[in-house]
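Understanding the architecture of this molecule
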Amino acid sequence: MKILDFGSLNLDTVYRVDHIVQPGETLLPLFVRSYCGGKGLNQSIAIARAGCQVFHAGRVGPDGSRLLDQLKEAGVDVHLVETVEARTGHTVIQVDSQGQNAILLFGGANRVIEKTFIDRTLKGFRKGDMLVLQNEISEVAYLIQRGSERGMRICFNASPADAALVQYPLHLVHTLLVNEIEGSTLAGTDDPDRIVDVLIAQGYGKEVVLTLGKRGVLFGDGKRKFRFKSFSVPVVDTTGAGDTFTGFYLAGVARGLDAESCLLYATAAASICVTRAGAAESIPDWEETAAFLSSGSLPDGPKP
Ligand code: RIB
């Protein structure tokens, strides 16, 4: 099974703040850092660090070479990433004293992905290969459609939620990963159990993984539904935790693990991620995650 992640690449500028700035307020940040990010890039790096080969497709501008370097350093194949005449996607992220974030996202080159690029990229993949998608690039609905026509296993992290989400052909998705905001946008209810039931009943994914932050994860596949607990860790920065979870969950699937083991590794990896600053930089590898699971002690990582 080959894994293709067709996804966003962003330059993240992260401001550490006491609290998220309010309308009309001027706030001095404690400090600022520049990181590699984008849900697509973060998920590719998580998949690679979890020990699987992954091809990343997407677009950056001439100012995006740092993102390609970071992907390559993690072992991600970047020959399907194109450099175009547009600004690289970028964000302004505030992280508060609790580790919670607020993200302003400029799509840039991520939003000029068009059908011809998708068609020529998907030619290299076939039935049984995995197509990993998030909701930060243009033409997501087309990607789901064309990937499904090729017999690829569509794994969609519906993040971030927007108005277009409900128009996507989600009945073609195999693995749907949502948080509570995306889940309630799609299911029309805030109740976690109901979200999973409604999404499965609507055929939005053969399996649904609903992440609930500190309250863990709810998994359903129509035959069974169960909750998986999170680990209690000191939170420094939650940015990229959802992407780490997604990448490790899908890497677990590619490694042939059962759903419980995939969830265990994904939850542990995301827990390590939140103890560190930044997005891609804070993603652990499979060995660190396994060591955390067997010893319960946290590995070291980048500090804010
Ligand atoms: O999920 C975290 C990511 O969301 C950040 O890296 C930022 O780029 C935004 O896309």
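Scope of this entry: the structure provided in the associated data block. Throughout, a residue's number is its position along its own chain's written sequence, starting from 1. It should be noted that, the model being predicted, local features are given only for residues of pLDDT at least 70 and side-chain atom pairs only at 80 or more, the latter also being counted only at that level, while totals for whole chains, interfaces and linings use all residues. Derived side-chain values reflect all non-hydrogen atoms in the structure, with water molecules and hydrogen atoms excluded from consideration.

Any residue with at least one heavy atom within 4 Å of a molecule or strand is counted as near it. Around the ligand, a shell composed of 13 residues is seen, among which Asp12, Gly38, Lys39, Glu136 and Asp243 lie nearest. Contact between the ligand and Asp243: an oxygen atom at 2.7 Å from a side-chain N or O atom of the residue. Relative to its unbound accessible area of 280 Å², the ligand is 96% covered by the protein chains. Note on conventions: DSSP H or I runs of at least 4 residues are helices, E runs of at least 2 residues are strands, and numbering of each starts at the N terminus. Of all elements in the fold, only strand S2 (10-16) and helix H1 (39-49) reach the threshold of two or more residues within the shell around the ligand. Classes in brief: Ala, Val, Leu, Ile, Met, Phe, Trp, Tyr, Cys and Pro nonpolar; Asp, Glu, Lys and Arg charged; the others, Gly included, polar. Residues that form the shell around the ligand fall into these classes: two nonpolar, seven polar and four charged. For this analysis, a polar contact is any N or O atom pair within 3.5 Å, provided that within protein one partner can donate a hydrogen and the other can accept it, and provided that sequence-adjacent residues contribute only side-chain to side-chain pairs. For the accessible areas, the method is Shrake-Rupley and the probe is 1.4 Å, while residue cover comes only from the protein chains on display.

Here we come to the nonpolar core. Leu41, Ile45, Val209, Phe245, Phe248, Tyr249 and Leu263 are the most contacted members of the largest nonpolar core, which has 45 residues in total. Going through the elements one at a time, H1, helix H2 (65-73), strand S5 (77-83), strand S8 (130-133), strand S12 (217-220), strand S13 (225-228), helix H7 (241-254) and helix H8 (259-274) are the ones with two or more residues in this core. The dominant element in this core, judged by the number of residues it contributes, is H8, at seven residues. What Leu263 contacts, discounting residues up to four positions off in sequence, is Val209, Val217, Phe219, Phe226, Phe228, Phe245 and Tyr249. Definition used in this section: a nonpolar core is a set of buried Ala, Val, Leu, Ile, Met, Phe, Trp, Tyr and Cys residues joined via side-chain atoms within 4.5 Å. Each residue gets one of three labels from its accessible area relative to the maximum for its type: buried under 20%, exposed over 50%, partly exposed in between, using a 1.4 Å probe on protein chains only. Residues are treated as being in contact if the distance between any of their heavy atoms lies within 4.5 Å.

Quick look at helix H3 (residues 115-122) now. Along H3, the residues that are buried comprise Phe117, Ile118, Thr121 and Leu122. The arc enclosing the buried residues of H3, seen along the axis, measures out at 120 degrees, which places them on a common side. Check the buried side of H3 and you find it contacts strand S1 (3-6), strand S4 (55-60), S5, S8 and helix H4 (140-149). Each C-beta atom gives one direction from the helix axis, and the arc is the one those directions make.

Let us look at the sheet that holds strand S7 (residues 101-106). The strands that make up a sheet are held in pairs by hydrogen bonds between backbone atoms, and each pair lies either parallel or antiparallel. In short, DSSP must find at least two bridges between two strands for them to pair. Judged by pairing direction, the sheet is mixed, and its four strands sit side by side in the order S3-S2-S6-S7 without closing on themselves. Only two strands of the sheet have a single partner each, and these edge strands are strand S3 (31-37) and S7. Averaged over all adjacent pairs, the angle separating strand axes in this sheet is 20 degrees, with direction ignored. Sheet contacts for H2: S2 and S3; angle to S3, the most-contacted strand, approximately 65 degrees. Where helices are involved, their axes are fitted lines through C-alpha atoms of the stretch in contact, as for all axes, and angles between N-to-C directions lie from 0 to 180°.

Attention now moves to the environment of Ile137. One can find Ile137 in the loop between S8 and H4. The class of Ile137 is buried, set by a relative accessible area of 2%. Counting along the chain gives 88 residues from Ile137 to Lys225, while the straight-line C-alpha distance between them is 31 Å.

The subject of this paragraph is helix H5 (residues 180-187). Turning to H5, its buried residues number three or more, namely Glu182, Gly183, Ser184, Leu186 and Ala187. Those residues of H5 hidden inside the fold are in contact with strand S9 (153-157), strand S10 (175-179) and helix H6 (192-201). Structurally, the start of H5 carries an N-cap: the backbone nitrogen of Ile181 is 3.0 Å from a side-chain oxygen of Asn179. Directly after H5, the chain includes Gly188, whose backbone phi takes a positive value near 75 degrees.

The angle between the axes and the distance between the axes are what describe a pair of packed helices. The geometry of H8 relative to helix H9 (residues 286-295) is characterised by a closest axis approach of 9 Å and an angle of 95 degrees between their N-to-C directions. On the basis of the axis angle, H8 is roughly perpendicular to H9. Residues Leu264, Tyr265, Ala268, Ala269, Ser271 and Ile272 of H8 form the contact with H9, whose own contacting residues are Trp286, Glu288, Thr289, Ala290, Phe292 and Leu293. For classification purposes, angles smaller than 35 degrees are called roughly parallel, those larger than 145 roughly antiparallel, those between 65 and 115 roughly perpendicular, and all remaining angles oblique.

Two rings belonging to Phe, Tyr or Trp (six-membered ring only in the last case) form a pair when the distance between their centres is within 6.5 Å. Interplanar angles under 30 degrees mark stacking, angles over 60 mark edge-to-face geometry, and anything in between is tilted. Tallying each qualifying case throughout the model produces eight aromatic pairs. Look at Phe245 and Tyr249: their rings are 6.4 Å apart centre to centre, the planes differ by 5 degrees, and that puts the pair in the stacked class. A residue pair is termed a helical-turn pair when its members lie 3 or 4 positions apart in one helix, as Phe245 and Tyr249 do in helix H7 at four residues. There is no split in this pair, since Phe245 and Tyr249 are both buried. Ring-pair connections join several aromatic residues into one group, and the members of that group are Phe248, Tyr265 and Trp286.

Moving on: the pairing of S13. Regular strands place their side chains on alternate faces of the sheet. Side chains Phe226 and Phe228 of S13 all project onto a buried face; the interleaved residues Lys225 and Arg227 project onto a face where none is buried. In terms of strand pairing, S12 meets S13 through four bridges, oriented antiparallel. Following the sheet pairing, Leu218 is matched in S13 by Arg227. Between S12 and the antiparallel strand that follows it, S13, lie four residues; Gly222 among them carries a positive phi value of about 90 degrees.

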